[in-house]
Amino acid sequence: MSSVTNILVTDDEVTTLKTLSAGLEDMGYKVATAVTGQEALALIRRQLFSIVIADIKLPDISGLEILETAKKLNPETAVIMITGHASIETAVDAINEGAYAYILKPVAVSELETIIKNALREQRLLIENRELVESLQQSNRRLEETNRALEQVSQAKSDFMAKTSHELRTPLNSIIGFSEVLLSKTSPIGETTRDEFLNYIHVSARHLLHLIDSILDLSKIESGKMAFEPSEFDLAVLLEDVKITVLPMLATKKQMLEIEIGEGISSIFADEAKMKQIFLNLISNAHNFTLTEGKIRVICQLETPHLLHCSVVDNGIGISPQDQQRIFEEFGQVKTSPSARRQGVGLGLSIAKRLVELHGGKIWVVSEVSRGSTFTFSIPLARKGGCLNAQ
């Protein structure tokens, strides 16, 4: 046998008890004995038995009580009732209560061996069937979870495509509409109007290009094709380049940009191009949601010797708590300001988040409606060879 089978024998006749115990032990079973019902119940409550053999008539309690307790504690236990006083009624009662078999004294050990082997075979089948059912249930649960995840992915993909189509149509419709007017022979327009329409086309085309570039960047990140190319560069020089880039955009709303770099920060080892895009995206977002003559600040400092914290702070319209939950999602624009909604494409913050995570960092927002927003990201500082470094 691959494992020892525990059997409990209960009988107030000591001779029967010793005979059955010796015979079962010779078969390779581990046997416990009890001469009273209470002793048997105490053993059953302390130990798991595969087989329980009990006299149906004991001096203190009925063997049916042992049967009931054994099946309640372990429904798979096979209980074999024995008796020296045969009666159809007691046999029927025992079987109805869940006894596996009912045999008469004197018990033939060979007959008992056959019954035990059959009971153990049925137990193994029951256990295997239960394990199979549990395995199937687990597989079904995993399949249901997978199906739900696939449905969510499919829905997210559909939502993304719908929003992308909407965002693409907006500048395209503007380009097509104004260009059709310019090309029309029946609607002559003046030079001033012509220049105005050409400017609309130009702005819409640049907006469309920005949207396409953002979608391509997001696609590269999600497909794992966005290369991470760290190098050593001066953070102050990078931020000055960012400032020069965004000044024309900020000038349209007469906004002020301040840059503060804490002590101890000079050259860092990161992906320079992606760091620049993170700052551009965050400043562009601040610009969109900050009113005319507003103020935007970029603050970089060392949180620890090896962790860089950068914040983009604005005094704009702020973000409500419910919108903060989805602000980093694709096309997750807030609806606080219709004018701000038209200026963004809803991908800048999502891409910034992915690029920060590409550096092994994290990004978060603290904001209050009408009191501005602070977008902060942190990235670990490193240098070639993988050693952390901040000068």
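Summarised in this report is the structure supplied together with it. (Residues numbered from 1 in each chain as written. Predicted model: local features only at pLDDT ≥ 70, side-chain atom pairs only at ≥ 80, totals over all residues. Heavy atoms only, no water.)

Counted under the stated rule, the structure contains five aromatic pairs. Between the aromatic rings of Phe-178 and Phe-197, the centroid separation amounts to 4.9 Å while the plane-to-plane angle is 50°, which identifies the pairing as tilted. With Phe-178 in helix α5 (residues 109-183) and Phe-197 in helix α6 (residues 191-223), the pair connects residues that are 19 residues apart, well separated along the chain. In this structure Phe-197 comes out as buried when scored by relative accessible area, which is 15%. Between the aromatic rings of Phe-279 and Phe-377, the centroid separation amounts to 5.5 Å while the plane-to-plane angle is 65°, which identifies the pairing as edge-to-face. (Phe/Tyr/Trp six-rings, centres within 6.5 Å; stacked < 30°, edge-to-face > 60°. Helix = DSSP H or I, 4+ residues; strand = E, 2+ residues; numbered from the N terminus. Buried < 20%, exposed > 50% of the residue type's maximum accessible area, 1.4 Å probe, protein only.)

The next thing to look at is the sheet that holds strand β10 (residues 307-314). One open sheet accounts for five strands, arranged β7-β9-β10-β12-β11; its pairing is mixed. The open sheet terminates on both sides in strands that have one partner only, identified here as β7 (256-261) and β11 (362-367). The sheet shows a mean angle of 15° between the axes of neighbouring strands, taken without regard to direction. Direction of pairing for strand β9 (residues 295-304) relative to β10: antiparallel, over a ladder of eight bridges. Bridge pairing in β10 places Val-298 opposite Val-312. Contacts between helix α7 (residues 235-251) and the sheet are confined to β7, β9 and β10, with β7 contributing the most and set at about 175° to the helix. Strands β9, β10, β11 and β12 (373-380) of the sheet are contacted by helix α8 (residues 272-288), whose axis makes an angle of about 170° with β12. (Pairing = 2+ DSSP bridges. Axes fitted to C-alpha atoms, helices over the stretch in contact; angles between N-to-C directions. Contact = heavy atoms within 4.5 Å.)

The next thing to look at is empty space enclosed by the protein. For the coordinates displayed, the defined rule picks out two cavities of 30 Å³ or more. Empty space within the largest cavity amounts to approximately 60 Å³. Around the largest cavity, the lining comprises 10 residues; the ones closest to its centre are Asn-285, Phe-289, Gly-318, Ile-319 and Ser-373. Across the lining of the largest cavity, the residue classes tally to five nonpolar, four polar and one charged. (1 Å grid on protein atoms, 1.4 Å probe; cavity = no way out; pocket = protein on both sides within 12 Å on 5 of 7 lines; lining within 4 Å. Points joined across faces, edges and corners; volume = space filled by probe spheres on them. Nonpolar A, V, L, I, M, F, W, Y, C, P; charged D, E, K, R; others polar.)

Once that is clear, we can look at a negative patch on the surface. Taken together, the side chains of Asp-12, Asp-60, Glu-65, Glu-68, Glu-89, Asp-93 and Glu-97 make up a negatively charged region of the molecular surface. Mapped onto the negative patch, the elements with two or more residues apiece are α3 (63-73) and α4 (88-96). Among the secondary structure elements, Asp-93 is positioned in helix α4. (Patch = residues over 30% accessible without salt bridge, like charges linked within 9 Å, V, L, I, M, F, W, Y side chains within 5 Å. Areas by Shrake-Rupley, 256 points an atom, 1.4 Å probe, with all protein chains shown as cover. Salt bridge = Lys/Arg side-chain N within 4 Å of Asp/Glu carboxyl O. Lys, Arg positive; Asp, Glu negative; His and termini not counted. Charge placed at Lys NZ, Arg CZ, Asp CG, Glu CD.)

The next subject is the nonpolar core. Leu-235, Met-275, Phe-279, Leu-282, Leu-308 and Phe-377 are the most contacted members of the largest nonpolar core, which totals 43 residues. For Leu-308, the residues in contact, after removing those within four places along its chain, are Leu-235, Ile-265, Ile-268, Met-275, Cys-300, Gln-301, Leu-302, Phe-377, Ser-378, Ile-379 and Leu-381. Of all hydrophobic cores here, the second largest spans 22 residues; its members include Leu-41, Phe-49, Ala-54 and Ile-61. (Core = buried A, V, L, I, M, F, W, Y, C linked by side-chain atoms within 4.5 Å.)

In this section: the packing of α8 against helix α11 (residues 348-358). Across the interface, α8 lies against α11 with an axial gap of 9 Å and an inter-helix angle of 150°. In this view, α8 runs roughly antiparallel relative to α11, as classed from their interaxial angle. In this structure, the crossing between α8 and α11 has a hand that is left-handed. Contact with α8, carried on its side by Lys-274, Gln-277, Ile-278, Asn-281, Leu-282 and Asn-285, involves Gly-348, Leu-349, Ile-351, Ala-352, Leu-355, Val-356 and Leu-358 of α11 and no other residues of that element. (Parallel < 35°, antiparallel > 145°, perpendicular 65-115°, else oblique. Left-handed = near helix turned anticlockwise from the far one by under 90°.)

What follows concerns the environment of Arg-194. Its place among the elements puts Arg-194 in helix α6. The exposure class assigned to Arg-194 is partly exposed, which follows from its relative accessible area of 37%. As for Arg-194 and Ala-270, which are separated by 76 residues in sequence, their C-alpha atoms are 46 Å apart. Residues contacting Arg-194, with those up to four places away along its chain left out, are Leu-182 and Ile-189.

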